[in-house]
Amino acid sequence: MPSSAPLPPAPASPSPGSPSPATTSGRRSGTAEAPRVQRRTFLSGTAAVGGAFAVTAAGVSPALAAEPVRAGGTRGAGPVTVRPNDRRYADLRRGTNQRWVGSPQKIVLAETTADVVAAVQRAVDSGRRLAVRSGGHCYEDFTTSQDIEIVLDLSRMDDVSYDRRRRAFSVQPGAPLGRIYDRLYKGWGVYLPAGNCPTVAAGGHIQGGGYGSMSRRDGLAVDHLYGIEIVVVRADGTARTVVATREPDDPHRELWWAHTGGGGGNFGVVTRYWLRSPGATGTDPAAQLPTPPREVWLSEVAWPWERLSEARFTRLMRNHGDWHTRHSGPDSPYTALFSQLKTFHRSAGAVVLDSLVDAGAPDAEGMLRRYVAAVGEGLGIRPQVRQYRRMPWLHATQWPGFTGPDPTIRFKGKSVYARRTYADAHIAAAYRHLTRDDFGNPGALLMIASYGGAVNRVAPDATAVPQRDSVLKYQVVSLWDDAADDAANVGWVRECYRDMFAATGGVPVPNGTTDGCFVNYADVDLADPRWNSSGVPWHELYYKDGYRRLQRVKAAWDPTGFFRHAQSVRHV
Ligand SMILES: Cc1cc2nc3c(=O)[nH]c(=O)nc-3n(C[C@H](O)[C@H](O)[C@H](O)COP(=O)(O)OP(=O)(O)OC[C@H]3O[C@@H](n4cnc5c(N)ncnc54)[C@H](O)[C@@H]3O)c2cc1C
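As the structure is a prediction and not an experimental result, all values here were calculated from the model.

Caption draft 1: The arrangement of the pairing of strand 8 (residues 225-233) in detail. Counting buried residues in strand 8 gives nine out of nine residues, a clear majority hidden from the surface. As defined by bridge partners, strand 8 adjoins strand 10 (residues 269-275) across six bridges and the pair is classed as antiparallel. Bridging from a neighbouring strand, G227 pairs with W274 of strand 10. Here strand 8 pairs with strand 9 (residues 239-245) via seven bridges, running antiparallel. Within strand 9, the residue paired with G227 across the bridge is T245.

Right, dumping it as C-alpha cells:
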C-alpha cells in the first residue's frame, strides 16, 4: 500500500521520429482489406508517467539475453472487416468523443503492415475516402466525419518490443500508452515521457508531439523518436511502406521530421515507431530510453470556490504563473515536479491543484510543499489536502485516479502555450466565465499543465514542435454527457477562450506571453474567422515557421493528397 500522510504546511521559501526501399507494395502484394470510469478521472490526470535523470540503469537488462519480446496483439484473426450490418459496427464507428458518430461503409481492422498496405491500396483504387484511427482520442471529427467511407483501425497492431537491429524499441500505433509504460518498464526498466491518459494510443499521440507529467524532466515523446515505418501513396497511386529515421544521412529524414509534431492523418499511415533517445549508446536495451522514477509523491489540494473572491483567484493565478516563469528552465531542480491546476467552474465547488514529484529527487517533499505553498501564498485560505501519498511509478501510471476518460463523454478543448505568467486580462476573463451563473457545468475548466524544463532544451526547428520556450501548456475544456448540452458547452469553451485572448484576436498568438496552440488538441475553430480574427492562420498557431517545411514533406510524400482531414497540412 502506498504511504499516506497529510501534506504539512510550509512557509514559501525562495529557491526553483535508414533509408529503405519500398518493402511492400499494395498493387503487388496486397490481398485483403475499450469499463466505464468516472469523468473526474480525466480531470484529475497527473499520471506519474515518469522520466529519468540518467539514461540508463546500472547493469545489464535481463532482456538483453532474450530475443525481442513480442508483447502484444490479438494475432491470428487476420484483417477484419466490419460493415454496417455487423454487431460490432456500433462500437467501431466512433472514437472517444461521443459528439460524433461516423457512418463509414466499412471499418478495416488491420493486423499487419501488409494489411495496411492492402487496405490503403483498395481505397485508392476504388476512389474512396479513408481515415486512419489508432486510439480514437482525436479532439475533432477527423476519423468520424460523414465523408469518410473507410476507417482503417489499427487498435489490434499494439505490439511493444525491442528491435536489436535498430537498437530501438518498436511500438506499433495501436499500443495504448498504458501498455507502452507497462511493457517498457517490466521488460527493460525504461519508459517514454508521453501522455497521462493510458488509453490514448501511440498512433496519433507520438506524431502530435505527445507530452506528459515527466516531460519537464525528460522532454517530449518525439524527442526520443528514432524512426518510423509508414505506408504512403505514390503519385502513381501505389501504396508502399517506407522507413524514415533521424539519421543525418537518411534520404527520408524529412519524413521522420514531419512526424515529430506534424500531427496525425497528414502524410500516410504510421505502422511502427522506433524509440531511442538521442545520444544513447551501447547495445543494452535498458540504455536506449530514459528510466522513470522508482516512486513519486502525489498530492491533490483544493481551494473552495466559496472562499475565492476575484482578488483571491487573481492572486492564485499570478502565484501559479509566476512560479512557473521562475522555475521552468531546463536545469531547474523543479523539473522533477509537474502539476495540473484545474480551475473548475464554480459549480464544481473548488479549484484543484494536482501535483507529482519524483520521490528520488533531492528534497522531493520539500519541493512539493514549497510549490503548493507558493501557489497559495497570500490567499489567506488554507487549502484542503485531498490526497498525499507516495506510490511506485508504474502503479501510479495505472492508478484509477489518473485513468480516463469516461467512454461516454463529449468534450471540446482549446489549447494554449504560455511563455510566461498570465496577463491580467487572461485571468479576468477566465474568472468571469468560471463564475458565470447562466452556465453551470462542473466539468468545465481551465486545465493548466506545468511545461518547460527539458522540453525547452531542444531547438525549435529540431522537431516539428516549435514551442520550445513555454512554461505552461493549458486548455479551456468542457466535458459533458448529454447531446442536449452540446451548444452550451461548446459555446462556453469558445467564449471563454475568445475573451481570454480578446487582445490578440481571440487566440493565443505567438508573442511575448503566448505561443500558439497544440496540434494534439486539435481545434477546428482556429481556422474559423468567427473564433480567430487575429490574422494568424491556424497552421502558424500550431507549427509557426515549420509549416512550410511540413508542406514540402506533404508534396513529396503525399502528392495526391490522399491523407487529409479538416486541418491537415495542405500542399504548397
Ligand atoms: C482523454 C484524453 C487525454 C489526453 N491526454 C494527453 C496527454 O496527456 N498528452 C498529450 O500530448 N495528448 C493528450 N491527448 C491528446 C492525444 O494525444 C491526441 O488526441 C492524439 O492524437 C490521440 O491519438 P489516438 O491515436 O489515440 O487518436 P486517433 O483519434 O486514433 O487519431 C488522432 C489523429 O491521428 C491520426 N492517426 C491515428 N493513428 C495514426 C497513424 N497510425 N498514422 C497516421 N495518422 C494516424 C488520425 O487519423 C487522427 O487524425 C489526450 C486526449 C484525450 C481524449
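Now that the structure is up, let's keep going.
Caption draft 2: Inspection of the confidence of the model for the chain at higher detail. Looking at the chain as a whole, its pLDDT mean stands at 88, while 85% of the residues score no less than 70. When the criterion is pLDDT under 50, residues 1-6 qualifies, and its contacts beyond four places in sequence or with other chains add up to eleven contacts. Confidence drops under a pLDDT of 50 for residues 8-73, and excluding neighbours within four residues, the segment shows 220 contacts in the predicted structure.

Caption draft 3: Broad picture of the sheet that holds strand 7 (residues 168-171). In spatial order, the strands read 6-7-10-8-9; together these five strands make up an open sheet with antiparallel pairing. Of all strands in the sheet, those with a lone pairing partner are strand 6 (160-163) and strand 9, marking the two edges. Geometrically, the sheet is characterised by an average inter-axis angle of 25 degrees between neighbouring strands, direction not taken into account. The sheet contact formed by strand 6 and strand 7 spans four bridges and is antiparallel. Across the sheet, Y162 pairs through a bridge with F169, a residue of strand 7. With respect to the sheet, helix 5 (residues 177-188) is in contact with strand 6 and strand 7, its orientation differing from that of strand 6 by roughly 45 degrees.

Caption draft 4: Broad picture of unusual backbone geometry. Phi at R167 takes a positive value of approximately 50 degrees, unusual for a residue other than glycine. Structurally, the position occupied by R167 is in the loop between strand 6 and strand 7. For R167, a relative accessible area of 23% gives the class partly exposed. Residue D363 is not a glycine yet carries a positive backbone phi of 60 degrees. Tracing the backbone shows D363 in the loop between strand 13 (350-358) and helix 10 (364-376). Overall, D363 belongs to the partly exposed group, its relative accessible area being 45%.

Caption draft 5: Inspection of the sheet that holds strand 5 (residues 150-153) at higher detail. Within the open sheet, the four strands sit side by side as 2-3-5-4. Their pairing is mixed. The open sheet has two edge strands, strand 2 (80-82) and strand 4 (130-133), and neither has a second partner. Going from strand to strand, the sheet's axes swing by 20 degrees on average, the running direction of each strand aside. Across four bridges, the pairing between strand 3 (residues 106-109) and strand 5 is parallel. When the sheet's bridge partners are listed, L109 is paired in strand 5 with D153. Lying on the sheet, helix 4 (residues 113-126) is in contact with strand 3, strand 4 and strand 5; it crosses strand 5 at an angle near 170 degrees.

Caption draft 6: Main features of the packing of helix 9 (residues 310-326) against helix 10. In the contact formed by helix 9 and helix 10, the axes pass within 7 Å of each other and the chain directions differ by 135 degrees. In terms of orientation, helix 9 and helix 10 fall into the oblique class. Contact with helix 9, carried on its side by L316, N319, H320, W323 and H324, involves Y371, A374, V375 and G376 of helix 10 and no other residues of that element. Considering only residue class, the contact of helix 9 with helix 10 consists of five nonpolar, four polar and no charged.

Caption draft 7: Highlighting the nonpolar core. Grouped together as the largest cluster of nonpolar side chains are 132 residues, with contacts concentrated most on W303, L446 and Y474. With seven residues, the top contributor of residues to this core is helix 10. In terms of nonpolar packing, the next biggest core, distinct from the first, is built from 18 residues, A110, V116, M157 and A239 among them.

Caption draft 8: Representation of the packing of helix 9 against helix 12 (residues 424-434). One can describe the packing of helix 9 onto helix 12 by two numbers: an axis separation of 10 Å at closest approach and a directional angle of 130 degrees. The angle between helix 9 and helix 12 places the two elements in the oblique class. Between helix 9 and helix 12 the crossing geometry is right-handed. Residues E310, F313, T314, M317 and R318 of helix 9 lie in contact with helix 12, whose contacting residues are D424, I427, A428, Y431 and L434.

Caption draft 9: Just the environment of R276, in detail. If you trace the backbone, R276 turns up in the loop between strand 10 and strand 11 (295-304). Once the C-alpha coordinates of R276 and Y226 are considered, the two residues, 50 residues apart in sequence, prove to be 5.4 Å apart. Residues in contact with R276, not counting those within four places in the same chain, are R166, R167, A168, H224, Y226, R246, E247, Q288 and L289. There is a polar contact of 2.9 Å between the side chain of R276 and the backbone oxygen of R167.

Caption draft 10: A look at the packing of aromatic side chains. Evaluation of the coordinates by the stated rule reveals 28 aromatic pairs. Each ring, one from Y211 and one from Y521, has its centre 6.5 Å from the other, and the planes form 75 degrees; the classification is edge-to-face. With a gap of 310 residues between them, Y211 in the loop between helix 6 (202-207) and helix 7 (215-218) and Y521 in the loop between helix 13 (486-500) and helix 14 (538-543) connect regions that are remote in the sequence. According to the relative accessible area criterion, Y211 is buried, its value standing at 9%.

Caption draft 11: Quick peek at helix 4. For helix 4, with 14 residues, the first-to-last C-alpha span of 20 Å sits near the 20 Å given by 1.5 Å per residue. Of the residues making up helix 4, those classed as buried are T113, D115, V116, V117, A118, A119, V120, Q121 and A123. Where helix 4 ends, the next residue or the one after it, G127, has phi of about 70 degrees, a positive value.

Caption draft 12: Region of interest: the pairing of strand 13. A large share of strand 13 lies buried, amounting to nine of its nine residues. The side-chain alternation of strand 13 yields two buried faces, one formed by A350, V352, D354, L356 and D358 and the other by V351, L353, S355 and V357. Strand direction decides the pairing type here: strand 11 and strand 13, joined by nine bridges, are antiparallel. Bridge assignment links L298 to a residue of strand 13, and that residue is L356. In the sheet, strand 12 (residues 337-344) pairs with strand 13 via seven bridges, with the strands oriented antiparallel. Across the sheet, the residue bridging to K342 is V352, located in strand 13. Between strand 12 and strand 13, which pair antiparallel one after the other, the connecting turn spans five residues, and G349 there sits at a positive phi close to 100 degrees.

Caption draft 13: Region of interest: helix 5. Counted at 1.5 Å a residue, the expected span for helix 5 with its twelve residues is 16 Å, and the 16 Å between its end C-alpha atoms agrees. On its buried face, helix 5 sits against strand 6, strand 7, helix 6 and helix 11 (393-398). At the C-terminal side of helix 5, G189 shows a positive phi close to 75 degrees.

Cut-offs and rules
Residues numbered from 1 in each chain as written. Predicted model: local features only at pLDDT ≥ 70, side-chain atom pairs only at ≥ 80, totals over all residues. Heavy atoms only, no water. Buried < 20%, exposed > 50% of the residue type's maximum accessible area, 1.4 Å probe, protein only. Helix = DSSP H or I, 4+ residues; strand = E, 2+ residues; numbered from the N terminus. Pairing = 2+ DSSP bridges. pLDDT = per-residue confidence, 0-100. Contact = heavy atoms within 4.5 Å. Axes fitted to C-alpha atoms, helices over the stretch in contact; angles between N-to-C directions. Parallel < 35°, antiparallel > 145°, perpendicular 65-115°, else oblique. Nonpolar A, V, L, I, M, F, W, Y, C, P; charged D, E, K, R; others polar. Core = buried A, V, L, I, M, F, W, Y, C linked by side-chain atoms within 4.5 Å. Left-handed = near helix turned anticlockwise from the far one by under 90°. Polar contact = N/O pair within 3.5 Å; in protein donor to acceptor, adjacent residues only side chain to side chain. Phe/Tyr/Trp six-rings, centres within 6.5 Å; stacked < 30°, edge-to-face > 60°. Expected span 1.5 Å × (residues − 1).

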